[in-house]
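Overview (structure and organization)
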Amino acid sequence: MSDSGFTTQTVHFGHRNDAQHGAVHAAVHPSTEFTYHDAHQLAAVFQNRQKGYTYARTGTPTTAALEAQVTAMEQGNGTVAFATGMAALNAVFFALLRQGDHLIASKYIFGNTNSLLMTLENFGVELSLVDATDAAQVQAALRPNTRMVFVETIANPGTQVADLQTISALCQAHKLVYVVDSTLSSPYLRRGRDFGASLVVNSLSKHIGGHGNALGGAVTQTGLYDWADFPHIYPQYQKDDSHTWGLLQIKKKGLRDMGGTLSSDVAHRIAAGAETLGLRMNRLCGNALALAQALERHPLVERVQYPGLVSHPQHQRATELFQGLYGGLLGVVLKEHVDVFAVLNRLRVAALATHLGDNRTLVLPAAHTIYYEMGAERRALMGIPDGFLRISVGIEEEADLINDFTAALA
């Protein structure tokens, strides 16, 4: 089925790859420990000489099935699943970077990711935040101790689109690890390996799970980076193909040691939700474009930030990268005199909640909630004024969404 479409492969993945008793879904394995009849086998699994399971903190057959599903979506060479997307990011940074290393990151990133990078600095990692929509700024920030570049495909919440492919060329030239967070685009709009990423991070809680009933995250290794060029791989993980070393270290140092474990029952829910990723993305991308166009024309709206709009600074780039689909996130800035809370309280369809990639349309006042802690100065740097609404568009009827926001603004 390797020549089939994205949704065909995803829907049939479970029973084609884990056909126990003819079930269409992988079984849920709640066991904490796994036993062996031969102690030699147990030791071989611990020493990475044989595949198998030891303790559920480092994975179960159920989480492994989800990891294989995400790997297939991203066309990588392996995936490690975590309890949340933030646990996945923590594992990448803390398993691979050391004191004195330099990290270049986009300044347009999710608020909690921004907070995590500030914590990294406390551990002695040097940080440069740049405008990743301009690859020249990434190049200008390079230092002899630069080890990694981190960007989001589509930024949360401002929807800036990084110069993904030019940054990839820079990372290849300097043998840097290139980490791409694809949460807002998902592998359906474009796979991270298409941008030349070394590692792709997805918050499974968002579009891939899709139903607002499960938290999870994943790190997928694309196989494009040769970890023999990376100075911090522990000797015990330098076995077999060097293109696999990084993910093994992330699993051992990031998952096993830090303990951000995804449970089997949650992995099962995410895997089931992933089957309809393509259908949901088509629907919510269409809704988002229609709502963005309607709000851009509204007299009480200062501006709408959405890559599908011609007015968006990276519209042409997004069109080329994502093949005419632009995701479901809108940044909407109301006119200065408009009471943002009064508008929100008049909404009847959209839910007031923090989340992304859900079946439901979700909206919140970004400056007063998820970006409040970073302070006014950093919010200004990211272009988040007090009247900024972050809207994650769902799969409702298009007309209902437009009417809801129009009535709330009336």
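In case you missed it, the structure is sitting above this.
The following paragraphs examine the structure supplied in this document. Every value quoted in this text rests on a predicted model; they were computed, and no experiment measured them. (Residues numbered from 1 in each chain as written. Predicted model: local features only at pLDDT ≥ 70, side-chain atom pairs only at ≥ 80, totals over all residues. Heavy atoms only, no water.)

1. Some thoughts on the overall build of the protein
Spelled out, the test is: In this text, helices come from DSSP runs of H or I with a minimum length of four residues, and strands from runs of E with a minimum of two, each type numbered from the N-terminal end. Note that the radius of gyration is over C-alpha atoms, with the globule rule given as 2.2 Å times the number of residues to the power 0.38. Buried, partly exposed and exposed residues are distinguished by accessible area as a fraction of the type maximum, computed with a 1.4 Å probe on protein chains only: under 20%, between the cut-offs, and over 50%, respectively. Whether two residues are in contact is decided by their heavy atoms: any pair within 4.5 Å suffices. Values of accessible area rely on a 1.4 Å probe in the Shrake-Rupley scheme; residue burial ignores everything except the protein chains shown. The charge count treats Lys and Arg as positive and Asp and Glu as negative. His and the chain ends do not count. Where a charge sits is defined by one atom per residue type, namely NZ (Lys), CZ (Arg), CG (Asp) or CD (Glu).
Helix and strand counts for the protein come out as 15 helices and twelve strands. In terms of overall dimensions, the protein is globule-like: its C-alpha atoms have a radius of gyration of 21 Å, near the 22 Å expected for 410 residues. Seen through its principal axes, the protein has C-alpha atoms that stretch 70 × 55 × 40 Å. By the burial criterion, 54% of the 410 residues in the protein qualify as buried. Sequence-distant contacts, at least 24 apart, represent 70% of the contacts inside the protein between residues at least 6 apart. Approximately 17,200 Å² of the protein is accessible, and the part contributed by carbon and sulfur atoms is 51%. With 31 positive and 36 negative side-chain charges, the protein shows a separation of 3 Å between the mean positions of the two kinds.

2. With respect to the sheet that holds strand S6 (residues 199–203)
Short version of the rule: The pairing criterion is simple: DSSP has to find at least two bridges between the two strands. Orientation is described by axes fitted as lines to C-alpha atoms, over the contacting stretch for helices, and by angles from 0 to 180 degrees between their N-to-C directions.
Taken together, seven strands build an open sheet; the order of strands is S1-S7-S6-S5-S4-S2-S3 and the sheet is mixed. The sheet is open, and its two edges are formed by strand S1 (78–82) and strand S3 (126–130), each paired on a single side. Strand-to-strand twist of the sheet, defined as the mean angle between neighbouring strand axes without regard to direction, takes the value 20°. The pairing of strand S5 (residues 177–181) with S6 spans three bridges and is classified as parallel. Paired with Asp-181 across the bridge in S6 is Val-201.

3. Overview of the environment of Asp-386
Relative to the assigned elements, Asp-386 resides in the loop between helix H14 (375–382) and strand S12 (388–392). Given the relative accessible area of 48%, Asp-386 is considered partly exposed. For Asp-386, the residues in contact, after removing those within four places along its chain, are Val-340, Ala-367 and His-368.

4. Regarding unusual backbone geometry
In the segment running from Asn-156 into Pro-157, the intervening peptide bond is cis, with an omega of 10°. The residue Pro-157 is located in the loop between strand S4 (146–152) and helix H7 (164–174) in this model. Of note in the backbone geometry, Lys-175 takes a positive phi value of approximately 55° without being a glycine. Relative to the elements of secondary structure, Lys-175 occurs in the loop between H7 and S5. The backbone phi angle of Ser-186 is positive, close to 70°, even though this residue is not glycine. Position of Ser-186 relative to the elements: it lies in helix H8 (residues 186–189).

5. What to know about the sheet that holds strand S10 (residues 351–352)
Reading across from one edge, S8-S9-S12-S11-S10 is the order of the five strands in this open sheet, with mixed pairing throughout. The open sheet terminates on both sides in strands that have one partner only, identified here as strand S8 (301–305) and S10. Bridging between strand S11 (residues 362–365) and S12 involves four bridges; their strand directions are antiparallel. Counted as the bridge partner of Pro-365 is Leu-389 from S12.

6. Some remarks on the packing of helix H4 (residues 85–96) against helix H5 (residues 111–122)
Heads up, the rule is: By the definition adopted for this analysis, an angle is roughly parallel if under 35 degrees, roughly antiparallel if over 145, roughly perpendicular if from 65 to 115, and oblique otherwise. Handedness of each helix crossing follows the sense of rotation of the near helix against the far helix: counterclockwise by less than a right angle gives left-handed, clockwise gives right-handed. Charged residues are taken to be Asp, Glu, Lys and Arg, nonpolar residues to be Ala, Val, Leu, Ile, Met, Phe, Trp, Tyr, Cys and Pro, and polar residues to be all remaining types, Gly included.
Where H4 meets H5, the axes come as close as 11 Å, and the angle between the chain directions of the two elements is 30°. Looking at the two axes, H4 sits roughly parallel to H5. Relative to H5, H4 is oriented so that their crossing is right-handed. Along its contact with H4, which presents Met-86, Leu-89, Asn-90, Phe-93 and Phe-94, the element H5 presents Asn-112, Thr-113, Leu-116, Leu-117 and Leu-120. Class assignment for the residues of the contact of H4 with H5 results in seven nonpolar, three polar and no charged.

7. Some thoughts on the packing of aromatic side chains
Test applied: To pair, rings of Phe, Tyr and Trp, with the six-membered ring standing in for Trp, must have centres within 6.5 Å; the planes then decide the type, stacked if under 30 degrees apart, edge-to-face if over 60, and tilted in the middle. Should the NZ of a Lys or the CZ of an Arg lie within 6 Å of a ring centre and within 35 degrees of the ring normal, that charge is described as sitting over the ring.
A full pass over the atoms with the stated rule returns eight aromatic pairs. Ring centres of Phe-195 and Phe-322 lie 6.2 Å apart, and the angle between their planes is 85°; on these two criteria the pair is classed as edge-to-face. Placement of Phe-195 in the loop between H8 and S6 and of Phe-322 in helix H12 (residues 315–322) is noted, with a sequence separation of 127 residues between them. Accessibility expressed as a relative area gives 1% for Phe-195, which makes it buried. Taking relative accessible area as the criterion, Phe-322 reaches 1% and is therefore assigned buried. Each residue in the set Tyr-225, Trp-227 and Phe-230 is aromatic and connected to the rest through ring pairs, giving one cluster. Cation over ring: Arg-98 sits above Tyr-234, and NZ or CZ is 5.3 Å from the ring centre. Over the ring of Tyr-234 we find Lys-253; its NZ or CZ atom is 4.8 Å from the centre of that ring.

Read these as spatial facts, not as claims about activity.
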